[in-house]
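# Geometric and topological summary
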Amino acid sequence: MPDPDPASPSRPKSRSQTGAEPPTQPPTKPQAQAAEAGAAQTRATQTESPQTESPQGQPLPAAELKRRRAAIAPPTPWRERRSVLVLQGGGALGSYQGGVCEGLRREGMSPTWVAGISIGAINAAIIAGNEPGQRVAPMRKFWERASSGGFFSPLGSDISFGRSLVNQMSAAYIATFGAPGFFRPRLLGPALATPGSPEALSFYDTTPLRDTLLELVDFDRINRGDTRLSVGAVDIETGNNVVFDNTQMEIGPEHIMASGALPPGFPPVWIDGRAYWDGGLVSNTPLEFILQEESTEDLLIFQVDLFNARGPMPQNLIDADEREKDIRYSSRTRLNTDANLRIHRIKRALRRLLNELPEGVGHERDLSILTDAAKENAVAIVQLVYRKQSYEGGSKDYEFSRQTMLEHWASGVADVEHCFAHADALFAAANGAGTVTIDPGLHDHPMRSTPE
């Protein structure tokens, strides 16, 4: 059974300066065995028990335990918290995240930690690989290039009749000819390629994406750690989720490409003898990693989802295909958020119980462990969710027409403007302790906080 916890591979060498191509062929058997041994050693190191006692290895004194139980620091106001941007995967819908990036910049919000999966990893790399005031331009350049194919839609977003057919024609065009600066079809099909080669495992060549990343992303800046970057992928052989993080390794274009290597369209990406696919195969959002990594600093998390969990009852097979995709990709997001709320309730109950214990009751070592476990940081999760247009169908995640891209981008800007226009009401509970989730798109019930 795969290990559900994210694992981090050994530190790879940086290729951002040399621009050398990542390996495209499987490693030899000795190389694979050495890589597996190194990964096992890394996993063993990561599973060691954290230190829960005093630095000298002794249980904390009763006076210190009492002080810790009594001291509850007030949460940081939401505007002063560390801001985090979490970007879900979703192909062509990712231009909505570009609009969110522009909207946050207008509001003076510059995230210091960006995490992404799939297309979210590409957008995250562009954000982390550029100065805070210069992120929107390269983001727009990427999406303008990807949507610069020969297909043009003559119908506006206000014309629902026929727009669905036009969008399906656009998606078919992209599937046939690819997206400029992103991927292109292989001249010969996988059936004629050498077994095990990238050509045999995919329909498209993603070399254009590598060139685009090297042009638009400063990987030296990423590896300086000015902005923390975390992107998720899947180890093909183990099936485990892996997070590439610039606080733990040097990041190159291959790590970003691995996060977006969705089969069977895109080929796997080899990094240090391991082959990786799109992180969305296991989890389409890196929220869980963020919440596990940071448990002390108060956070303001902008989670940008491209698939809406809420939707109408399907009326035909096309609707059913689209609705299935929305539910499949959004379900993990709800699972992670709900799990964190349950953990918060447990910590709050444990803290109340510890505060009510009389002196001298309980073993000091046990009380030390429970006191540390009862600590929590204040987390506000702002859920910016793309709400699809009525004419969009199951091909919306690979429909890269320029007009649709501009519509998605404008929706992202508008949603951020709406969020901050109603900030006083929406963020009222965000200044409190614990975890609160906020959905600015739900005007009747804008927030769901943890019950007492």
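Residues numbered from 1 in each chain as written. Predicted model: local features only at pLDDT ≥ 70, side-chain atom pairs only at ≥ 80, totals over all residues. Heavy atoms only, no water.

### A few points about the overall build of the protein
Along the protein, the regular secondary structure elements total 14 helices and twelve strands. Here the protein holds 452 residues, and the buried ones make up 48% of them. A separation threshold of at least 6 residues defines the contact pool for the protein, and within that pool the share at least 24 residues apart is 75%. (Helix = DSSP H or I, 4+ residues; strand = E, 2+ residues; numbered from the N terminus. Buried < 20%, exposed > 50% of the residue type's maximum accessible area, 1.4 Å probe, protein only. Contact = heavy atoms within 4.5 Å.)

### Looking at a nonpolar patch on the surface
Residues Leu187, Leu188 and Leu192 make up a contiguous nonpolar surface patch of about 430 Å² in total accessible area. Within the secondary structure, leucine 188 is located in the loop between β3 (184-185) and β4 (204-205). What makes leucine 188 exposed here is its relative accessible area of 58%. (Patch = residues over 30% accessible without salt bridge, like charges linked within 9 Å, V, L, I, M, F, W, Y side chains within 5 Å. Areas by Shrake-Rupley, 256 points an atom, 1.4 Å probe, with all protein chains shown as cover. Salt bridge = Lys/Arg side-chain N within 4 Å of Asp/Glu carboxyl O.)

### Digging into the side chain of asparagine 130
Positionally, asparagine 130 belongs in the loop between α4 (119-128) and α5 (136-146). Here asparagine 130 falls in the buried class, since its relative accessible area comes to 15%. At 2.7 Å, the side chain of asparagine 130 forms a polar contact with the backbone oxygen of isoleucine 126. With near-sequence residues (within four places) excluded, asparagine 130 lies in contact with Arg135, Pro138, Leu216, Val217 and Arg221. (Polar contact = N/O pair within 3.5 Å; in protein donor to acceptor, adjacent residues only side chain to side chain.)

### Some remarks on the pattern of salt bridges
This model, assessed by the stated rule, comprises 20 salt bridges. Residues arginine 221 and aspartate 226 are paired through a salt bridge, measuring 3.1 Å at the closest nitrogen-oxygen approach. Overall, arginine 221 belongs to the buried group, its relative accessible area being 6%. According to the relative accessible area criterion, aspartate 226 is partly exposed, its value standing at 39%. In the salt-bridge network here, residues are joined through shared partners; they are Glu102, Arg106, Arg140 and Glu417.

### Re the packing of aromatic side chains
Summed over all chains, the structure comprises 17 aromatic pairs. An angle of 15 degrees between the planes, with centres 6.2 Å apart, marks the rings of tryptophan 143 and phenylalanine 400 as stacked. You can see tryptophan 143 sitting in helix α5 and its partner phenylalanine 400 sitting in the loop between β10 (379-385) and α13 (402-421), a full 257 residues away along the chain. Like phenylalanine 400, tryptophan 143 is buried. Among the aromatic side chains, those forming a connected cluster through ring pairs are Phe142, Trp143, Phe182, Phe183, Tyr204, Phe266 and Phe400. Here arginine 140 stacks its cationic end above the ring of tryptophan 409, 4.4 Å away from the centre of that ring. The ring of tryptophan 113 carries the charged tip of arginine 228 above its face, separated from the ring centre by 4.1 Å. (Phe/Tyr/Trp six-rings, centres within 6.5 Å; stacked < 30°, edge-to-face > 60°. Lys NZ or Arg CZ within 6 Å of the ring centre and 35° of its normal.)

### Some thoughts on the packing of α5 against α13
Interaxial distance between α5 and α13 falls to 10 Å at its minimum, and their mutual angle equals 150 degrees. From α5, Val136, Met139, Arg140, Trp143 and Glu144 reach across to α13, where they touch Arg402, Met405, Leu406 and Trp409. Residues that form the contact of α5 with α13 fall into these classes: six nonpolar, no polar and three charged. (Axes fitted to C-alpha atoms, helices over the stretch in contact; angles between N-to-C directions. Nonpolar A, V, L, I, M, F, W, Y, C, P; charged D, E, K, R; others polar.)

### Topic: unusual backbone geometry
A cis amide bond links proline 263 to the next residue, proline 264, at an omega of -5 degrees. Mapped onto the secondary structure, proline 264 falls in the loop between α9 (253-259) and β7 (269-271). Its identity as a non-glycine residue notwithstanding, serine 118 has a phi of 60 degrees, on the positive side. With respect to the helices and strands, serine 118 occurs in the loop between β2 (113-117) and α4. At aspartate 272, a residue that is not glycine, the phi angle is positive and equals roughly 50 degrees. Residue class for aspartate 272 comes out partly exposed when judged on its relative accessible area of 33%.

### Side note on the pairing of strand β5 (residues 228-235)
When you tally the buried positions in β5, you get eight out of eight residues, the bulk of the element. Side chains of β5 alternate between two faces, with Arg228, Ser230, Gly232 and Val234 and Leu229, Val231, Ala233 and Asp235 buried alike. With five bridges connecting them, β2 and β5 associate as parallel partners. For valine 114, the partnering residue across the bridge sits in β5 and is leucine 229. Sheet analysis places β5 next to strand β6 (residues 241-245), joined by five bridges and oriented antiparallel. By the bridge assignment, valine 231 is partnered in β6 with phenylalanine 244. Counting the residues that bridge the hairpin from β5 to β6 gives five residues, and of these glycine 239 lies at a positive phi of roughly 75 degrees. Bridge count for β5 against strand β8 (residues 274-278) is three bridges, and the pairing is antiparallel. (Pairing = 2+ DSSP bridges.)

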